[in-house]
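Below, each chain spelled out in residue letters.
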Amino acid sequence: MAYDVIIIGAGHNGLVAANYLAKAGKKVLVLERRNIPGGQLVSESLGDGFNNVDTLHASAQLRPDIVADLGLRIEAPRAGSAYTCLLDGGKRLTLDADPARASAAIREFSARDAERWPEFVTFMDRAAAFLDAAYRTPMPRLPHFALREGLPLAGLLWKLRRLGGRDMFRVVRAMSMSAEEFTGDWFESEALRAAVSALAIHGVTLGPMSAGTGYTLMHNWLNRGGLAHRPVAGGVGTITAALVEALIARGGEVRTSAEVRNVVVEHQRARGVCLASGEEITADCVISAADPRRTFLQLVGAAELPPEFVWQAQSIKLRGCVAKVHIATDGRHGLPDGTLAVAPSIRYLERAYDAAKYGEISAQPYLEVTMSGNIVSIHFQFAPYALRQADWEAARAVVAQRAIDTLDAQYPGFKASVQRTQVITARDLESNYGLSEGDLNHGQLILDQIFFMRPLPGWSKHATPIDGLYLCGSGVHGGGGISGASGRNAARSIVGDSR
Ligand SMILES: Cc1cc2nc3c(=O)[nH]c(=O)nc-3n(C[C@H](O)[C@H](O)[C@H](O)COP(=O)(O)OP(=O)(O)OC[C@H]3O[C@@H](n4cnc5c(N)ncnc54)[C@H](O)[C@@H]3O)c2cc1C
């Protein structure tokens, strides 16, 4: 059976793109290599008593306009819970979602910072709204673009101007600043600066002193809606289920356990795909939601692409550094509800990152912890994909041990509550979840890989050197995080092209 569109990968971006295209009347098939859809947006049973666990993402929110456009049956995210930073000597800094209550907690550390906190939250919300507008704006294909391609960018610059002189400069400067510098512009308390800087390095292989972590702070603030996670009732997998349900209602199809081996290319044009099983499926258009490097170098193949483009695709920086640890406890773990972060100082976070530079697992890691019943889930940084002098089987035990020891130092008795552990490493993210080098964002969110340079300079509009082949995952403009922006943008661009 022939389709109008085949989408490779049923992550949330692939499913968002599929829904928009099905809504536009296209006959769509989504092919997923795993036995369940969702990509990184999954609630799974991992065996050994780990049932309906939010395996990777602790929370997630699609953009409200996408939810409305697609008529998705998704519950609004719960109100943000508290974000508690665990400091040395058993001290705590609890930043409530309510700025007034957060200010009261900050006052114990600095009266000046407490005064500034509400203004900071307002600024971050405005900066995030601007970034959201940027992710909605198709980027021109620099350096050669038609005038009409530049118009949306002009509109975006106008939005930037409308932030007002002071906030406009703050946003522009923050893009290239480090989180250490940026938070230093606002606050004097080390505890507060570290609490905020932790969000800046969440999911990226950067330290708080790295240039560009001002940008990743705004990016993560946007996707999360602040510092703390907003848990999704029933688990993040309910969002995937709603996307699949809506697609099927629109006549689309999702096939799981259907790994695409290669894109079928004839005369520089995509004609369909060939599955690992050998089955060939034809379509007018193929969209890859897999990461760009995998798409170009594995699914298309260097022989079909211009040599310079191949070289550029090989240079896309992918650097996974995150491990996820799920711990089944006897329920007496002693941890409070909400989002907990082990980020006592900027130096601590930077040292945790230093380990990644040398291919080592952080001896004192940055942790972010969430709870669901008896299960404690830990986001662990840094455990780099490019590990030196160790094999990953041994490293898995090291990651679990360091996570447990670090939490036990904060909550004596935690270790005694531990019953079983499950560790997902950067290698597992590659082999099980299809992420090259275990990179969560399909390409690092660094200054030379964002906006009109994502995935590659000159290729920011979802098209590729192969006619009829497009990209829609997190590795393209709008991507990184759960938002659906890159899936929606790709679908709009394709519908526009087909017109
Ligand atoms: C623990 C964790 C924390 C994170 N925190 C943040 C954060 O704070 N901020 C942020 O911006 N981002 C964060 N992320 C990253 C974010 O989750 C991703 O950017 C997002 O989920 C990617 O969604 P996607 O739909 O683009 O791709 P994915 O969810 O990766 O989906 C791609 C799909 O393609 C499939 N696929 C690949 N190859 C093939 C093939 N050959 N055939 C068929 N199917 C294929 C894969 O199996 C997968 O299902 C985090 C991720 C994790 C894991």
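Residues numbered from 1 in each chain as written. Predicted model: local features only at pLDDT ≥ 70, side-chain atom pairs only at ≥ 80, totals over all residues. Heavy atoms only, no water.

For the rest of this paragraph, the subject is helix α12 (residues 307-314). Residues F309, V310 and A313 constitute the buried set of α12. The buried side chains of α12 occupy one side of the element, clustering within an arc of 105° when seen end-on. Away from its buried face, by an angle of more than 90 degrees, α12 presents the exposed residues P307, E308 and W311. Structurally, α12 contributes buried residues whose contacts are with α11 (292-300). (Buried < 20%, exposed > 50% of the residue type's maximum accessible area, 1.4 Å probe, protein only. Helix = DSSP H or I, 4+ residues; strand = E, 2+ residues; numbered from the N terminus. Arc of directions from axis to C-beta. Contact = heavy atoms within 4.5 Å.)

Side chains of nonpolar character tend, in soluble globular proteins, to be buried together. Membership of the largest hydrophobic core comes to 99 residues, with the highest contact counts inside it found for L95, W117 and L407. For L95, the contacting residues outside a window of four places in its chain are A82, Y83, A102, I106, W117, L192, A195 and L227. Judged by nonpolar contacts, the second largest core, of 36 residues, contains A17, C472, I482 and A491. (Core = buried A, V, L, I, M, F, W, Y, C linked by side-chain atoms within 4.5 Å.)

Taken together, 35 residues surround the ligand, and among them N13, E32, H57, H219 and N220 come closest. One of the backbone N or O atoms of L440 is found 3.3 Å from an oxygen atom in the ligand. Summarising the interface, the protein chains cover 97% of the accessible area of the ligand, which totals 1000 Å² for the free molecule. At the level of secondary structure, the elements contributing two or more residues to the shell around the ligand comprise α1 (12-23), α9 (213-224) and α11. In terms of residue class, the shell around the ligand is made up of 12 nonpolar, 18 polar and five charged. (Near = heavy atom within 4 Å. Polar contact = N/O pair within 3.5 Å; in protein donor to acceptor, adjacent residues only side chain to side chain. Areas by Shrake-Rupley, 256 points an atom, 1.4 Å probe, with all protein chains shown as cover. Nonpolar A, V, L, I, M, F, W, Y, C, P; charged D, E, K, R; others polar.)

Summed over all chains, the structure comprises 14 aromatic pairs. Summarising the aromatic geometry, the rings of W117 and F187 are spaced 5.9 Å apart at their centres and angled 35° between planes, so their arrangement reads as tilted. In this pair, W117 is assigned in helix α4 (residues 111-136) and F187 in the loop between α7 (179-186) and α8 (190-201), connecting sequence segments 70 residues apart. The residues W117 and F187 share a single accessibility class, namely buried. With a centroid separation of 6.3 Å and 40° between ring planes, the pair formed by F123 and F182 is classed as tilted. Linking F123 in helix α4 with F182 in helix α7, this pair joins segments that are 59 residues apart in sequence. Considered together, F123 and F182 belong to a single accessibility category, that of buried residues. Through pairs of rings, three or more aromatic residues link up here, namely W117, F120, F123, F182, W186, F187 and W221. Above the ring of Y411, the side-chain terminus of R92 is found at 4.6 Å from the ring centroid. The cationic tip of R170 hangs over the ring face of F123; the distance from NZ or CZ to the ring centre is 5.5 Å. (Phe/Tyr/Trp six-rings, centres within 6.5 Å; stacked < 30°, edge-to-face > 60°. Lys NZ or Arg CZ within 6 Å of the ring centre and 35° of its normal.)

Think of it this way: side chains of opposite charge can pair up when their charged atoms draw near. One pass over the structure, following the stated rule, counts 28 salt bridges. E188 is the partner of R112 in a salt bridge, and the nearest nitrogen-oxygen pair spans 4.0 Å. Of this pair, R112 sits in helix α4 while E188 sits in the loop between α7 and α8, placing them 76 residues apart in sequence. Here R170 ties to D167 by a salt bridge, and the two come within 3.0 Å at their closest N and O atoms. Here the residue R170 and the residue D167 both occupy positions in helix α6 (residues 165-176), the gap between them amounting to three residues, near one helical turn. Residue R170 shares its accessibility class with D167, and that shared class is buried. Through salt bridges that share partners, E119, R126, R166, D167 and R170 make up one connected network. (Salt bridge = Lys/Arg side-chain N within 4 Å of Asp/Glu carboxyl O.)

Inspection of the secondary structure assignment puts S460 in the loop between α16 (426-433) and β16 (469-471). Relative accessible area serves as the criterion here: at 2%, S460 is assigned to the buried category. From its side chain, S460 meets the backbone oxygen of M139 in a polar contact 3.3 Å long. Separated by 3.4 Å, the side chain of S460 and the backbone oxygen of P140 make a polar contact.

Our focus in this paragraph is helix α14 (residues 392-410). Helical periodicity: at 3.6 residues per turn, an α-helix aligns residues three or four positions apart in one direction. An ideal rise of 1.5 Å per residue puts 27 Å on 19 residues; α14 measures up with 27 Å between its terminal C-alpha atoms. Every buried residue belonging to α14 is among W392, A395, R396, V399, A400, A403, I404, T406, L407, D408 and Q410, and all of these are buried. Backbone nitrogen of E393 and a side-chain oxygen of the N-cap are separated by 3.0 Å at the start of α14; the cap is D391. (Expected span 1.5 Å × (residues − 1).)

On to the environment of E119. Among the structural elements, E119 can be located in helix α4. E119 sits 30 residues away from E149 along the chain, and the two C-alpha atoms are 36 Å apart. Filtering out sequence-adjacent residues up to four positions away, E119 remains in contact with R166, R170 and W186.

Another aspect to go through is the domain arrangement of the protein chain. Here the domain parsing of the protein chain yields domain 1 (3-75 + 234-317 + 441-498), domain 2 (117-224) and domain 3 (322-433). Computed from C-alpha atoms alone, the centre-to-centre distance between domain 2 and domain 3 is 28 Å. On the side of domain 3, 16 residues touch domain 2, which itself brings 20 residues to the contact. Buried surface at the junction of domain 2 and domain 3, summed over both partners, amounts to about 1300 Å²; 67% is from carbon and sulfur atoms. The three residues of domain 2 that bury the most area against domain 3 are I201, H202 and M209, which together make up 30% of that side's buried surface. The tally of links between domain 2 and domain 3 comes to one salt bridge. Here R224 and E368 are joined by a salt bridge, their closest N and O atoms 2.8 Å apart. (Domains from an automatic or database assignment. Buried area = accessible area lost by both parts, 1.4 Å probe.)

Okay, the packing of helix α3 (residues 99-106) against α4 next. The interhelical angle for the contact between α3 and α4, taken along N-to-C directions, is 150°, at an axis separation of 8 Å. The angle between the axes of α3 and α4 places the two elements in the roughly antiparallel class. Classified by chirality, the crossing of α4 by α3 is right-handed. On the side of α3, the interface is formed by P99, A102, S103 and I106, while α4 contributes D113, A114, W117, P118 and V121. The residue inventory of the contact of α3 with α4, partitioned by class, reads seven nonpolar, one polar and one charged. (Axes fitted to C-alpha atoms, helices over the stretch in contact; angles between N-to-C directions. Parallel < 35°, antiparallel > 145°, perpendicular 65-115°, else oblique. Left-handed = near helix turned anticlockwise from the far one by under 90°.)

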